[in-house]
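So you can see what is in the structure, the chains are spelled out below.
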Amino acid sequence: MFTKFKVSSQAIRQLKNKGGKIDLIDQTKSDKSFYNDILNVATGNDGIINGTKLQHLDFPSINKEYDVFISYSHSDDKDALYLASWLNNHCQLTCFLDSTVWHSADALLKVIDDKYCWQPDSDTYSYKKRNYSTSHVHAMLSMAMHDIINRSECCIVIDSNNSFPLKDGIEKGTLSPWIYEEIAFITHMRPKLPSRYKNHFSMRLFSTGGQLCESRDVQGLKIKYNVDLGLFPPLCCDDIYSLRDGYNALERLYISKQVFSEV
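Residues numbered from 1 in each chain as written. Predicted model: local features only at pLDDT ≥ 70, side-chain atom pairs only at ≥ 80, totals over all residues. Heavy atoms only, no water.

### Overview of the confidence of the model for the protein
Of the residues in the protein, 87% reach a pLDDT of 70 or more, and the chain-wide mean stands at 86. Contacts of residues 205-216 to residues separated by more than four positions or lying in other chains number 58 contacts, the stretch itself having pLDDT below 50. (pLDDT = per-residue confidence, 0-100. Contact = heavy atoms within 4.5 Å.)

### Regarding the nonpolar core
Phe 59, Phe 69, Trp 102, Leu 108, Ile 149, Ile 183 and Ile 186 are the most contacted members of the largest nonpolar core, which has 36 residues in total. Those elements giving two or more residues to this core turn out to be helix H2 (32-42), strand S2 (66-71), helix H6 (105-116), helix H7 (127-150), strand S6 (152-159) and helix H8 (177-188). If you tally residues by element for this core, the top one is H7, at seven residues. With residues near it in sequence (within four places) discarded, Ile 186 still touches Met 1, Lys 4, Phe 69, Ile 149, Cys 155, Val 157 and Phe 232. (Core = buried A, V, L, I, M, F, W, Y, C linked by side-chain atoms within 4.5 Å. Buried < 20%, exposed > 50% of the residue type's maximum accessible area, 1.4 Å probe, protein only. Helix = DSSP H or I, 4+ residues; strand = E, 2+ residues; numbered from the N terminus.)

### Notes on helix H1 (residues 9-19)
Residues that lie three or four places apart on an α-helix share one face, since the helix turns once every 3.6 residues. Along H1, the residues classified as buried are Ser 9, Ala 11, Ile 12 and Leu 15. Looking straight down H1, one finds that the buried residues subtend no more than 155 degrees of arc, so they occupy a single side. H1 presents Gln 10 and Asn 17 as exposed residues on the side facing more than 90 degrees away from its buried surface. Tucked into the core, H1 has its buried residues touching strand S1 (3-8), helix H4 (77-91), S6, strand S11 (234-235) and helix H9 (237-241). Residue Gly 20 follows H1 closely and has a positive phi angle near 75 degrees. (Arc of directions from axis to C-beta.)

### Side note on the packing of helix H3 (residues 51-58) against H7
The contact between H3 and H7 brings their axes to 10 Å, and the two run at 60 degrees. Considering their axes alone, H3 and H7 lie oblique with respect to each other. The two elements H3 and H7 meet at a crossing, and its hand is right-handed. Every residue of H7 that contacts H3 at Gly 51, Leu 54 and Gln 55 is listed here: Met 140, Met 143 and Ala 144. Along the lines of polarity and charge, the residues of the contact of H3 with H7 split into four nonpolar, two polar and no charged. (Axes fitted to C-alpha atoms, helices over the stretch in contact; angles between N-to-C directions. Parallel < 35°, antiparallel > 145°, perpendicular 65-115°, else oblique. Left-handed = near helix turned anticlockwise from the far one by under 90°. Nonpolar A, V, L, I, M, F, W, Y, C, P; charged D, E, K, R; others polar.)

### Considerations on the pairing of S6
The buried count for S6 comes to eight of eight residues, which makes it a mostly enclosed element. Across six bridges, S1 lies against S6 in parallel orientation. Residue pairing across strands places Ser 8 opposite Asp 159, the latter belonging to S6. Where S2 lies against S6, five bridges are found, and the strand directions are parallel. What sits directly across from Ile 70, in S6, is Ile 156. (Pairing = 2+ DSSP bridges.)

### Thoughts on the sheet that holds S1
Read across the open sheet, the five strands follow the order S3-S2-S6-S1-S11; overall the sheet is parallel. Across the chains shown, the open sheet's two edge strands, defined by having one partner strand only, are strand S3 (95-96) and S11.

### Side note on the pattern of salt bridges
This structure, assessed with the given rule, holds nine salt bridges. Arg 13 is the partner of Asp 79 in a salt bridge, and the nearest nitrogen-oxygen pair spans 3.5 Å. Within this pair, whereas Asp 79 is found in helix H4, its partner Arg 13 is found in helix H1, the two being separated by 66 residues in sequence. According to the relative accessible area criterion, Arg 13 is partly exposed, its value standing at 43%. Among the ionic pairs, Lys 32 bridges to Asp 114, the shortest N-O distance being 4.0 Å. Of this pair, Lys 32 sits in helix H2 while Asp 114 sits in helix H6, placing them 82 residues apart in sequence. A network of salt bridges, in which partner residues are shared, links Arg 13, Lys 16 and Asp 79. (Salt bridge = Lys/Arg side-chain N within 4 Å of Asp/Glu carboxyl O.)

Right, dumping it as structure tokens:
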């Protein structure tokens, strides 16, 4: 990862009004049979699930590099999809948006739990086994997400009331563990200068000081995570719209936002 920005949901809606209708990127769709199949493929003759193999099957593309990683609440799915599609169509930028690349962690977990954690005698799931299966699936997703962020040049966080519904002065809070984790990864990851800029630019890096799949709200359980978006320079509608139909969109964005100065 090289640099990071934030964009408000309002700015994306302004982009929709200005940019008009576009062809949207296809989103992934999988049924229960898909998860059963990949679980069978990842399970050895000894009955042990190969977590590394399962991770690559259900969370593919962890070896690909992306221009932009988009962190967002799934309640803002339409805005995130439009932003990713606009950047892809008009700027030729490859965007990582979990709904277009990855499958559902919850759906995978449900298949594993049905097979390994269900107790027919009591007609319930084993609490202990479910804790074990959940920790494994979430660990796979967390590591895959970290790897994708590391392989993305630019990260954009969609700043909305859905992502950060809690506010205390200038401090914001999220109820999503995935958004919290993405922000933490992005904030603390050491900036990596793209090879094309080496020996060409004098860099002025911003100081370092979300999804794949957000889990559904658990009734009665809410856990707050404080986040600091002060280190994420904001993008407005015009910042994004000005990148259309040109070349080297990210390079032009970096210059306009003074991420670096040409020498």
